[in-house]
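Notes for the structure review
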Amino acid sequence: MRLAVLVSGRGSNLEAVLNAIADGRLPGVEPVLVVSNRPGVRALDVAARHGVPSLVLRRADFADADARDAAIGSALARSGADLALLAGYDQLLRPGFFAIFGGRTINIHPSLLPRHGGAGMMGLAVHDAVLAAGDGETGVTVHDVTPDLDAGPALQQVRVSILPGEDAEGLAARLLPIEHDLLVSVLAGLAAEAAEEPASVSMAAALPPVTGARSTQERR
Ligand code: GRF
């Protein structure tokens, strides 16, 4: 299973996955590309440390968001990726992406979707919303990605109780290692499924090169 990962920042989930691959805990998973919508982020350093090619595709370098997302789709298709993982990717993927990338796309989100997903539900805002709603539990969801933000069907969830007096920072810190473990577990399951299926045809060869792309070395 050839894996592409979309990132925007810290890259701890990317790191957990690449560490698991390096340690032999994800047999059959081959990381082929990391795409960031932001230059200079830690996630790009994580990719470089693991020797995974990366690409920065900034919205500002394209006519509109759909054109940028089509370029992401083309880059992934050319990489031969079967699976795209959104690991802290902070943008909605527009239809141009799904029109070009024919593989499966999954996302990790730090709440029990469909609760506390959608526009603005990123970072501490998710945990603030959970606490403001008075929820007794929260968790982590890995789900299929569709053009509707955080709305695709869940693949796996982990539930945790909220501790008395816990704040948003505390929740985020407690959930992060759970995110990392869940991602590795989901990828292991998908790789096992893929190993039982006949190889899919790569779309890589037929597609034109990405235009408007800058290299990994780009800085603001
Ligand atoms: C994680 O909490 C993830 O669930 C959410 O964004 C955060 C990204 O963290 N979608 P990192 O960049 O993987 O460290």
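Below: a short report on this structure.

The rules behind the values
Residues numbered from 1 in each chain as written. Predicted model: local features only at pLDDT ≥ 70, side-chain atom pairs only at ≥ 80, totals over all residues. Heavy atoms only, no water. Near = heavy atom within 4 Å. Polar contact = N/O pair within 3.5 Å; in protein donor to acceptor, adjacent residues only side chain to side chain. Areas by Shrake-Rupley, 256 points an atom, 1.4 Å probe, with all protein chains shown as cover. Helix = DSSP H or I, 4+ residues; strand = E, 2+ residues; numbered from the N terminus. Nonpolar A, V, L, I, M, F, W, Y, C, P; charged D, E, K, R; others polar. Core = buried A, V, L, I, M, F, W, Y, C linked by side-chain atoms within 4.5 Å. Buried < 20%, exposed > 50% of the residue type's maximum accessible area, 1.4 Å probe, protein only. Contact = heavy atoms within 4.5 Å. Phe/Tyr/Trp six-rings, centres within 6.5 Å; stacked < 30°, edge-to-face > 60°. Pairing = 2+ DSSP bridges. Right-handed = clockwise from strand over helix to strand, strands pointing away. Salt bridge = Lys/Arg side-chain N within 4 Å of Asp/Glu carboxyl O.

**Some remarks on the site of the ligand**
Neighbouring the ligand are Arg10, Gly11, Ser12, Asn13, Gly88, Ile108, His109, Pro110 and Glu179. Asparagine 13 places a main-chain nitrogen or oxygen 2.9 Å from an oxygen atom of the ligand. When isolated, the ligand has an accessible area of 370 Å², and the protein chains bury 83% of it. At the level of secondary structure, the elements contributing two or more residues to the shell around the ligand comprise helix H1 (12–22) and strand E5 (104–109). By residue class, the composition of the shell around the ligand is two nonpolar, five polar and two charged.

**What about the nonpolar core?**
The nonpolar side chains of soluble globular proteins are, as a tendency, buried together. Formed by 35 residues in total, the largest nonpolar core has its most connected members in Leu14, Leu85 and Leu187. Elements represented by at least two residues in this core include exactly strand E1 (2–7), H1, helix H2 (42–49), strand E4 (83–86), E5, strand E6 (137–144) and helix H6 (168–196). No other element matches the eight residues that H6 contributes to this core. Other than its neighbours up to four places away in sequence, leucine 85 contacts Leu3, Ala4, Val5, Leu6, Val17, Ile106, Leu183 and Leu187. Core analysis: the second largest hydrophobic core is formed by 20 residues, Val32, Ala71, Leu86 and Tyr89 among them.

**Section: the packing of aromatic side chains**
Per the counting criterion, the structure on display carries two aromatic pairs. Centroid distance phenylalanine 97 to phenylalanine 98: 5.1 Å. Interplanar angle 90°. Geometry classified as edge-to-face. Here phenylalanine 97 falls in the buried class, since its relative accessible area comes to 0%. With a relative accessible area of 23%, phenylalanine 98 lands in the partly exposed category. Ring geometry for phenylalanine 97 against phenylalanine 101: centres 5.5 Å apart, planes inclined by 40°, an arrangement best described as tilted.

**Side note on H1**
Among the 11 residues in H1, nine count as buried, and that is most of the element. For H1, the secondary structure elements touched by its buried residues are E1, strand E2 (30–36), H2, E4, E5 and H6. Two residues or fewer past H1, glycine 24 is found with a positive phi of approximately 80°.

**Some words on the pairing of E4**
The alternating pattern of E4 places Leu83 and Leu85 and Ala84 and Leu86 on opposite faces, both of which are buried. Looking at chain direction, E1 and E4 are connected through four bridges and run parallel. Paired with leucine 3 across the two strands is leucine 83, which belongs to E4. Relative to E5, E4 runs parallel, the two sharing four bridges. Residue pairing for E5: leucine 83 is matched across the bridge by arginine 104. Note on the crossover from E4 through helix H4 (residues 95–100) to E5: the handedness is right-handed.

**Here's the deal with the environment of alanine 99**
Relative to the helices and strands, alanine 99 resides in helix H4. In the structure, alanine 99 is positioned 26 residues away from glycine 73 in sequence and 7.8 Å away in space, judged by C-alpha atoms.

**Regarding the pattern of salt bridges**
The tally for this structure, following the rule as stated, stands at 12 salt bridges. With a shortest N-O distance of 3.8 Å, arginine 94 and aspartate 69 are connected by a salt bridge. Placement of the pair is arginine 94 in the loop between E4 and H4 and aspartate 69 in helix H3 (residues 65–79), with a sequence separation of 25 residues. Arginine 115 serves as the salt-bridge partner of aspartate 135, at 2.8 Å between the closest nitrogen and oxygen. In this pair, aspartate 135 sits in the loop between helix H5 (124–132) and E6 while arginine 115 sits in the loop between E5 and H5, placing the two residues 20 residues apart along the sequence. On the basis of relative accessible area, aspartate 135 is assigned to the buried category, the value being 17%. Owing to a relative accessible area of 43%, arginine 115 belongs among the partly exposed residues under this scheme. If you follow the salt bridges from partner to partner, you end up with Glu15, Arg42 and Arg49 in one network.

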